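Below, each chain spelled out in residue letters.
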Amino acid sequence: LPGDNVAIATRRLPAGSYIERDGATWPVPYTILEGHRFAIKPIAPGAPLLSWRLPFGIATLPIAPGDYLCNDGMLEALRGRSLDFVLPDQANFRDQIAPHTLDPATFTPGQQVARYRDERTFLGYRRPGRRGVGTRNVVVILGATSSTASFVRSVANALQARLKDYPHIDGIVPIAHTEGSGYAAINNRDFLLRTLAGLIVHPNVAAVLVVDLPTDPINNQLIATYLHETGYPVGDVLHDFFSVTGGWQADLAHCVGLVQGWLAHAESFTRTPESLRHLNVALQCGGSDAFSGVSGNPLASEMAKEVVRYGGRANFAETDELIGSEAYILQNIRDLPTAQKFLDFVELFKERLSWHGQSAEGNPSGGNKLRGLYNIALKSLGAALKRHPDVRIDQVVDYGERMIEPGFYFMNSPGNDLESIAGQVAAGSNLIIFITGNGSITNFPFMPTIKVMTTTQRYELLAAEMDINAGRYLNGTPMDELAAESVDLLVAIASGQQSCGEVAGHSQISIWRNWQQTDRSRLGLILERKKPRGAPIPIDRGDRNS
């Protein structure tokens, strides 16, 4: 952007190349990978490096236009790979993430983008009572804990053959997750209960059977009590609770018979024209690259902006992947308490990381660094662009909290995309926009996921898996044109057209996983653990009987 002192290479730039810009010509001393950054202005030691007009590091050496920008983490990640070119000997910038200070005296409340006066519709499943409108019509077999995972899969598998007789049912879906049992302390109890409750009343669900092992810490009695005490509209959805007894075949036959009796009810729901104000869009990313913040996330923000302008809801998340982008996040937010709530979630996440001897700087993976996201600041700045600058953050909510009022939401969640998505679905999202740089195939079990690829080259490798090629923007397609096409596709998929992930049958779920540390009391023991040697475990080839 104007004001930046660095740029991103849209293709590999070999050493010895020259860059021409604004009448000047600069040499390229080292080969620069696609997606990596290089200087376009002289940068003195101690000066900030700017992308999106925001700092992501501090120069440690004099940097000339054309110089490859490298920090220690990026060099370490690349030196562990087989490269056919020489890397710079040393880093020329260091990471710096200063905690954001919220000054009430200078804070300015944000303004929400104007709502359209006309209506636009999609074909959805209107549910009774306060459950909203679904984009899919499914019967769910929900495991209360990990103990029932195999059983709920067996129930769903036993019923698949019946679907041919019920064309209006989009699936009989097992929800088999990893949480709720196996630990002395269930520290994610509130997150887990809130997620299960949100899945039970989700508008995509026509009927749901909840299955538990009654001796588990999370069980049907606890879930039912939570649903009623917290006001979830469970009475508006056909449901039942079942506890496994240990007689597998008898339990299986009972549950199959029970759900078979519900299929005619589920079949009775049909699609009707519904306002786009009933769309609740989750914005999520995984396998990010340097172009996530240039093509993919800005395109997703345009799509979400349209949903908000028609009166719907959009939800973005991943708290730890926004650390370093606080200045951008708070540029357009409803009021001071909402801004402070966001910063409080950031500080809480930092505190939880510290219990394990970790920090946010450790978030970017080796793959992220290979694809140009050298540090958490760059990754966060790109991720934050899922919020369009014109769109105000109206609500800041905790993991899995339901979205009631229209507008744009931030939801506290981990950066793991599967865990974050489960919270967004529990919050009521009925469609997912998922942006990826490397081609992640994440898809929630009963939600359509629109996969947005950041570059054309990668899209062409994965055209059967990806729905939208945001790389066209890099190739010259105007963003307005690309956004209009993408919103049309969003409406079509919300109306029943299958996404690429649905056609392929991709389906994964993971709820925010239990954590064992609740303070720093065991930090010394954690830090004293021996680091992995990187060598295979030796195999004992001796005679087992000797």
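So, here is what we can say about the structure in this document. (Residues numbered from 1 in each chain as written. Predicted model: local features only at pLDDT ≥ 70, side-chain atom pairs only at ≥ 80, totals over all residues. Heavy atoms only, no water.)

## So, the overall build of the chain
Within the chain, the secondary structure is distributed over 17 helices and 21 strands. The C-alpha radius of gyration of the chain comes to 25 Å, within 12% of the 24 Å expected for a compact globule of 546 residues. Expressed as lengths along the three principal axes of its C-alpha atoms, the size of the chain is roughly 80 × 75 × 50 Å. Of all 546 residues assigned to the chain, the portion counted as buried reaches 57%. A fraction of 73% describes how many contacts in the chain between residues 6 or more apart in sequence connect residues 24 or more apart. Carbon and sulfur atoms provide 51% of the accessible area of the chain, an area that totals close to 23200 Å². One finds the centroid of the 50 positive side-chain charges in the chain at a distance of 1 Å from the centroid of its 56 negative side-chain charges. (Helix = DSSP H or I, 4+ residues; strand = E, 2+ residues; numbered from the N terminus. Rg over C-alpha atoms; globule rule 2.2 N^0.38 Å. Buried < 20%, exposed > 50% of the residue type's maximum accessible area, 1.4 Å probe, protein only. Contact = heavy atoms within 4.5 Å. Areas by Shrake-Rupley, 256 points an atom, 1.4 Å probe, with all protein chains shown as cover. Lys, Arg positive; Asp, Glu negative; His and termini not counted. Charge placed at Lys NZ, Arg CZ, Asp CG, Glu CD.)

## Some remarks on the packing of aromatic side chains
Considering all chains together, one arrives at 16 aromatic pairs under this definition. For the ring pair Tyr226 and Tyr232, a centre distance of 6.1 Å and an interplane angle of 35° mean the geometry is tilted. Each member of the pair, Tyr226 as well as Tyr232, carries the same accessibility label: buried. When the ring of Tyr399 is compared with that of Trp512, the centres are 5.2 Å apart and the planes differ by 75°; the resulting orientation is edge-to-face. Note that Tyr399 is positioned in the loop between strand 17 (393-397) and strand 18 (407-411) and Trp512 in the loop between helix 16 (500-504) and helix 17 (523-528), a separation of 113 residues in sequence. Across this residue pair, the class does not change: Tyr399 and Trp512 are buried. (Phe/Tyr/Trp six-rings, centres within 6.5 Å; stacked < 30°, edge-to-face > 60°.)

## Some details on the packing of helix 3 (residues 189-200) against helix 4 (residues 220-229)
The description of two helices packed together rests on the angle between their axes and the distance between the axes. Two elements in contact, helix 3 and helix 4, have axes separated by 10 Å at closest approach and are oriented at 75°. Accordingly, the angle class assigned to the pair helix 3 and helix 4 is roughly perpendicular. Only Leu222, Ile223, Tyr226 and Leu227 of helix 4 make contact with helix 3, whose side of the interface consists of Arg189, Leu193, Arg194, Leu196, Ala197 and Ile200. A per-class count over the contact of helix 3 with helix 4 returns eight nonpolar, no polar and two charged. (Axes fitted to C-alpha atoms, helices over the stretch in contact; angles between N-to-C directions. Parallel < 35°, antiparallel > 145°, perpendicular 65-115°, else oblique. Nonpolar A, V, L, I, M, F, W, Y, C, P; charged D, E, K, R; others polar.)

## Section: the sheet that holds strand 21 (residues 468-469)
The sheet built from seven strands is open, its strands ordered 17-18-16-15-19-20-21 with parallel pairing. Of all the strands in the sheet, just strand 17 and strand 21 have a single pairing partner and so form its edges. Relative to strand 18, strand 17 runs parallel, the two being bridged by four bridges. Looking at the pairing, Val397 lines up with Met411 of strand 18. The strands touched by helix 15 (residues 479-494) are strand 15 (280-286), strand 19 (431-436), strand 20 (449-453) and strand 21; relative to strand 19, the strand with the most contacts, the crossing angle is about 135°. (Pairing = 2+ DSSP bridges.)

## Overview of the pattern of salt bridges
Enumeration over the complete set of coordinates arrives at 19 salt bridges. The shortest N-O distance in the salt bridge between Asp84 and Arg12 comes to 2.8 Å. Here Asp84, found in the loop between helix 1 (72-79) and strand 7 (93-94), pairs with Arg12, found in the loop between strand 1 (6-8) and strand 2 (18-21); they are 72 residues apart in sequence, far enough to count as distant. Residue Arg12 is classed as partly exposed on the basis of its relative accessible area, which comes to 36%. In this structure, Glu119 and Arg115 form a salt bridge, with 3.9 Å as the shortest nitrogen-oxygen distance. (Salt bridge = Lys/Arg side-chain N within 4 Å of Asp/Glu carboxyl O.)

## Here we look at the state of the cysteines
On inspection of all chains with the given rule, the structure shows zero disulfides. Lacking any disulfide linkage, Cys500 is separated from the closest cysteine sulfur, that of Cys285, by 19 Å. (Disulfide = S-S within 2.5 Å.)

## Considerations on the pairing of strand 2
Two strands pair when backbone bridges link them, and strand 2 and strand 3 (residues 24-27) are joined in this way by four bridges, in the antiparallel orientation. Bridge pairing in strand 3 links Arg21 to Ala24. Between strand 2 and strand 3, which pair antiparallel in sequence order, lie two residues; one of them, Asp22, sits at a positive phi of approximately 55°.

## Quick word on the packing of helix 3 against helix 12 (residues 417-426)
The interhelical angle for the contact between helix 3 and helix 12, taken along N-to-C directions, is 55°, at an axis separation of 8 Å. On the basis of the axis angle, helix 3 is oblique to helix 12. Once helix 3 is placed against helix 12, the crossing between them reads as left-handed. For the pair helix 3 and helix 12, contact is made by Arg194, Thr195, Gly198 and Leu199 and by Ala422, Val425 and Ala426, respectively. (Left-handed = near helix turned anticlockwise from the far one by under 90°.)

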